[in-house]
Amino acid sequence: MASKLKRIFQFLAPDAEKGSDGRDVWPSRTAFVLAAMGGAVGLGNLLRYPSVVFANNGVQWFIPYLLALVLLGIPLLLLEISIGQAYRGGSVIAYNGINRHTRGVGFGVIMTGYIVSTYYVPILSWIMHYFRSSFQSPLPWTGRGNEFYMQDVIANDDPIAGTTDGSTVTSYTKYPGTGLVGETVGWCAFMWLAVYLCLFKGVGVTGRAVYFTMGLPIIMMFVLMGRALSLPNAIDGVRLYFAEWHGDKLANGQIWQAACGQIFFSIGVGFGYFTAYASYNSRFSNAVQDAIIISLSNSLYEVLAGFAVFGIVGFLGLRPEDNVELTTFSVGFLTYPLALAEMPGANVWAVLFFLTLAFLGLSSAFALTESMVTLLCDSDLSKRFPRIAISTGIIVISFLISLIYCTKFGFYLLDAVDTWINNLSLMFIACCEGLVCTTLYRHRDICKQVGWAAYLVYAGCYVMAMVLGVAVGHAVSPEAGAGVGFGLFVIGTIISLFIAKPPDSIPPKFWGRNVWLSKFWWVAFYSGNQLTRDLNSVVATGKNWRIPFFWAPIIRYVSCPILCIIMSFAYPAFYKKRMDPLHIFAFAVAHVIMVIVVVGFIFPRGFDIFIPPKRREDGRTAYAPQITVMSAYEGNDAVETGEAEEQDQGFGKEAKRESS
């Protein structure tokens, strides 16, 4: 009997296979793609997406949506997957490989994702409360949707709103409730246990779990969509979603901001789990193809799920022009449940809907937690404790932190932390990801070719153009901000070209025609171009798809400015919340993460504890202009690969041996 149970356990939770360097590897490519999709496809796809589209209804929505997917989502996703796979480590190790001063960026990525996981699971607790109540007939929220949600499920005491007198806060918001909500605590413990069971043995057990946590929601989404579209007047909701044209909305910045935010939040870049998951890939997996599959699957899921929600919208007769507002929480806990209560067979559909939400949320929750587990397992801590012990410790600590969101003020704290982590630290971290990879990577080559002064002037003006541009845009006008930003960037570029010394390593093709083009290429494109070449020497082997040459320029000159602009809207929004202590706390937490990134630039050795000694020098690349030298960990040695001529390969190896 014991042997049978052992075999069953081993089947359900197998040990992970090992790669040639001793690192765990996914049991199959499908397992990796499903796990990554599970992190990307979450509550935001089924709940947030319809609420954003409802406010910007019409087929014109898909113009900014698709542009944001191509210019923001896919490039950053490809970055996170590629560096995780090439450097064979979580975010801290991967960004240490980019440059030792960017370790803080990797740690900030992990902290952002981990903080989200601590409040994401309490949201799943509310879903499980609805799931449990779905077995009662009639459904307990029938005719009292808002009361059931706020009084029975959330069970928070109403706050006493603070007041302001002009620019002065006269009283701060007070939250009289302090105790724990019993059922929320119970479901929170249950869901953290489920998260633990999905990751405690690594990618071996995760590779099994994702077939259920991702496979079932895909099936149930089609079932729910079919039912929603069969409801009376569902066609009115579909027209609202996909058959109206409001071209005038494209002239409004709101729809563009909403589309960029939705793509960014729904794909899930900036949380660290894509890099962690990719680090368990085979080193020569097809990263470019995987990134495109994951991003397109994520968008396809939410676009199709939109039909399920808009069928309900038509059934309920909701229209945006009637001053109806949908939010992420109202779609999941008010709009959809009230519609379910009016359907024949309401209990069956309620069970299916909330089970779908629970599985979607679970796959995202253990993805968010995995980045923290990978961080500790990659460190020397793994020599003293096995992964099971590390996973257990992380889950217990996470549950204890989550209890603060299970209090009678927890709903309001969750809303505050979610607002500022997503609108501030997440945007800042993602912008830094793109910035450091296309500016600091192998910067020694740039400085020795054109001089430190030219490099610092160009890079400094590039950064200050974004910062001052958005600051002036908010303080004066968008036009003034654009003028200041572009003006500063152009002036900085001109100065850097005049003070740059002529490079002796000639850029390729068009850029090598004269000395001025050569100088511009070195300061503007070299880091990103060399990162592309170095990563391609790993991820584009054989018949694998190559990272295109325009990938890095898009990240540097399109994605990063967009993220900077979106982040800038958070500060005026906080001014309206300055009398709320929970929002002040969350605002401060977001800035702590941002400060960690800055500290990492100044004191990179502070993060040595998270990096094995043999990996700490990965970011010290030797001076080797235009030579492909990818220092990615493989076994006990740094691997150097080249796509240049044989003599260039030899030079690169010699330079690597002489690096300090």
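Let me begin by describing the structure that accompanies this report. (Residues numbered from 1 in each chain as written. Predicted model: local features only at pLDDT ≥ 70, side-chain atom pairs only at ≥ 80, totals over all residues. Heavy atoms only, no water.)

## Side note on the overall build of the protein
Counted only if it meets this: What counts as a helix is a DSSP run of H or I of at least four residues, what counts as a strand is a run of E of at least two, and both are numbered from the N terminus. Restricting the calculation to C-alpha atoms gives the radius of gyration, and the globule rule supplies 2.2 Å times the number of residues raised to the power 0.38. Remark: exposure states derive from per-residue accessible area (1.4 Å probe, protein chains only) relative to the maximum for the residue type, with buried under 20%, exposed over 50%, and partly exposed in between. Should any heavy atoms of two residues lie within 4.5 Å, those residues are counted as being in contact. Using the Shrake-Rupley algorithm and a 1.4 Å probe, accessible areas are obtained, with residue cover drawn only from the displayed protein chains. We treat Lys and Arg as the positive residues and Asp and Glu as the negative residues; His and chain ends play no part in the count. Every charge is mapped onto a representative atom, which is NZ of Lys, CZ of Arg, CG of Asp or CD of Glu.
Helix and strand counts for the protein come out as 27 helices and 6 strands. Taken against the 2.2 N^0.38 rule, which gives 26 Å for 660 residues, the C-alpha radius of gyration of the protein at 25 Å falls within 12% of a compact globule. Sorting the 660 residues of the protein into buried and exposed places 59% on the buried side. In the protein, once contacts between residues fewer than 6 apart in sequence are set aside, the share between residues at least 24 apart is 81%. Taken as a whole, the protein presents about 25,800 Å² of accessible surface, with 67% of it coming from carbon and sulfur. Computed over 46 positive and 43 negative side-chain charges, the separation of the two mean positions in the protein equals 6 Å.

## Structural notes on the environment of Asn156
Heads up, the rule is: Within 3.5 Å is the distance limit for a polar contact, defined as a pair of N or O atoms, with the added protein rule that one can donate a hydrogen and the other accept it, and that residues adjacent in sequence qualify only through two side-chain atoms.
By secondary structure assignment, the location of Asn156 is in the loop between α7 (145-154) and β3 (163-165). We classify Asn156 as buried; its relative accessible area is 10%. Separated by 419 residues in sequence, Asn156 and Tyr575 place their C-alpha atoms 25 Å apart. Leaving out residues up to four positions away in the same chain, Asn156 has contacts with Met150, Val181, Thr407, Lys408, Phe409, Gly410, Phe411 and Tyr412. Reaching out from Asn156, the side chain makes a polar contact with the backbone oxygen of Ile154 at a distance of 3.0 Å. Among the polar contacts made by the side chain of Asn156, one reaches the main-chain amide nitrogen of Gly410 at a distance of 3.2 Å.

## Focus on the side chain of Ser537
Of note, Ser537 is situated in helix α23 (residues 526-539). A distance of 2.5 Å separates the side chain of Ser537 from the backbone oxygen of Asp534, its partner in a polar contact.

## A few points about the pattern of salt bridges
Formally: By salt bridge we mean one thing: a side-chain nitrogen of Lys or Arg within 4 Å of a carboxyl oxygen of Asp or Glu.
Overall, the coordinates contain 14 salt bridges when judged by the stated rule. In this structure, Asp378 engages Arg23 in a salt bridge whose closest nitrogen and oxygen atoms are separated by 2.8 Å. One end of the pair, Asp378, is in helix α16 (residues 346-378); the other, Arg23, is in the loop between β1 (17-18) and β2 (24-25), with 355 residues separating them in the sequence. Assigned by exposure class, Asp378 and Arg23 land together as buried. When the shortest N-O distance is used, the salt bridge between Arg103 and Asp608 registers 2.4 Å. Taken together, the positions of Arg103 in helix α6 (residues 103-133) and Asp608 in the loop between α26 (581-602) and β5 (632-634) put the pair 505 residues apart, joining distant regions of the chain. A single burial state applies to Arg103 and to Asp608, both of which are buried. A single network of salt bridges, built from pairs that share partners, joins Arg442, Asp445 and Asp534.

## Things to note about the packing of helix α8 (residues 182-199) against helix α17 (residues 387-402)
As a reminder of what qualifies: Every axis in this analysis is a line fitted to C-alpha atoms, fitted for helices over the stretch in contact. Angles between the N-to-C directions lie between 0 and 180 degrees. Under this scheme an angle from 65 to 115 degrees is roughly perpendicular, one under 35 degrees roughly parallel, and one over 145 degrees roughly antiparallel; angles in between are oblique. Throughout, a crossing is termed right-handed when the near helix is turned clockwise from the far one, and left-handed when it is turned anticlockwise from it by less than a right angle. When residues are grouped by polarity, Ala, Val, Leu, Ile, Met, Phe, Trp, Tyr, Cys and Pro land in nonpolar, Asp, Glu, Lys and Arg in charged, and all others, Gly among them, in polar.
The geometry of α8 relative to α17 is characterised by a closest axis approach of 10 Å and an angle of 160° between their N-to-C directions. Considering the angle they form, α8 stands roughly antiparallel to α17. At the point where α8 passes α17, the crossing takes the right-handed sense. Residue-level contacts link Val185, Cys188, Ala189, Trp192, Val195, Tyr196 and Leu199 of α8 to Arg387, Ile388, Ser391, Thr392, Ile395, Ser398, Phe399 and Ser402 of α17. Broken down by class, the residue content of the contact of α8 with α17 amounts to 10 nonpolar, 4 polar and 1 charged.

## Some thoughts on the pairing of strand β4 (residues 168-171)
Stated precisely, the cut-off is as follows: Note: two strands are recorded as paired if DSSP finds a minimum of 2 bridges between them.
Pairing of β3 with β4, which is carried by 3 bridges, proceeds in the antiparallel orientation. Following the sheet pairing, Asp165 is matched in β4 by Thr168. Following β3, the chain reverses through 2 residues before pairing antiparallel with β4; Gly166 in that reversal takes a positive phi of roughly 70°.

## Remarks on a nonpolar patch on the surface
Stated formally: Residues with no salt bridge and a relative accessible area higher than 30% make up the patches, which join like charges within 9 Å and nonpolar side chains (Val, Leu, Ile, Met, Phe, Trp, Tyr) within 5 Å.
Judged by side-chain polarity, Val490, Ile491, Ile494, Ile495, Phe498, Ile499, Val515 and Trp516 come together as a nonpolar surface patch covering roughly 740 Å² of accessible area. Counting residues per element, the ones that place at least two in the nonpolar patch are α21 (478-499) and α22 (515-524). For the nonpolar patch, the element with the highest residue contribution is α21, accounting for 6 residues. Among the secondary structure elements, Val515 is positioned in helix α22. Note on Val515: relative accessible area 33%, which makes it partly exposed.

## Re helix α20 (residues 452-475)
What counts, and what does not: Take the number of residues in a helix, subtract one, and multiply by 1.5 Å to get its expected span.
Counted at 1.5 Å a residue, the expected span for α20 with its 24 residues is 34 Å, and the 33 Å between its end C-alpha atoms agrees. All of the buried residues along α20 are Ala454, Tyr455, Tyr458, Ala459, Cys461, Tyr462, Ala465, Met466, Gly469, Val470 and Gly473.

## With respect to the nonpolar core
Across soluble globular proteins, nonpolar side chains have a tendency to be buried as a group. Selection criterion: In this description, a nonpolar core means a group of buried Ala, Val, Leu, Ile, Met, Phe, Trp, Tyr and Cys residues linked to one another through side-chain atoms lying within 4.5 Å.
In terms of nonpolar packing, the biggest core is built from 214 residues, with Trp61, Phe264 and Phe274 touching the most fellow members. Once you skip the residues sitting within four places of it in the chain, Phe264 turns out to touch Leu72, Leu76, Val269, Leu426, Met427, Ala430 and Leu563.

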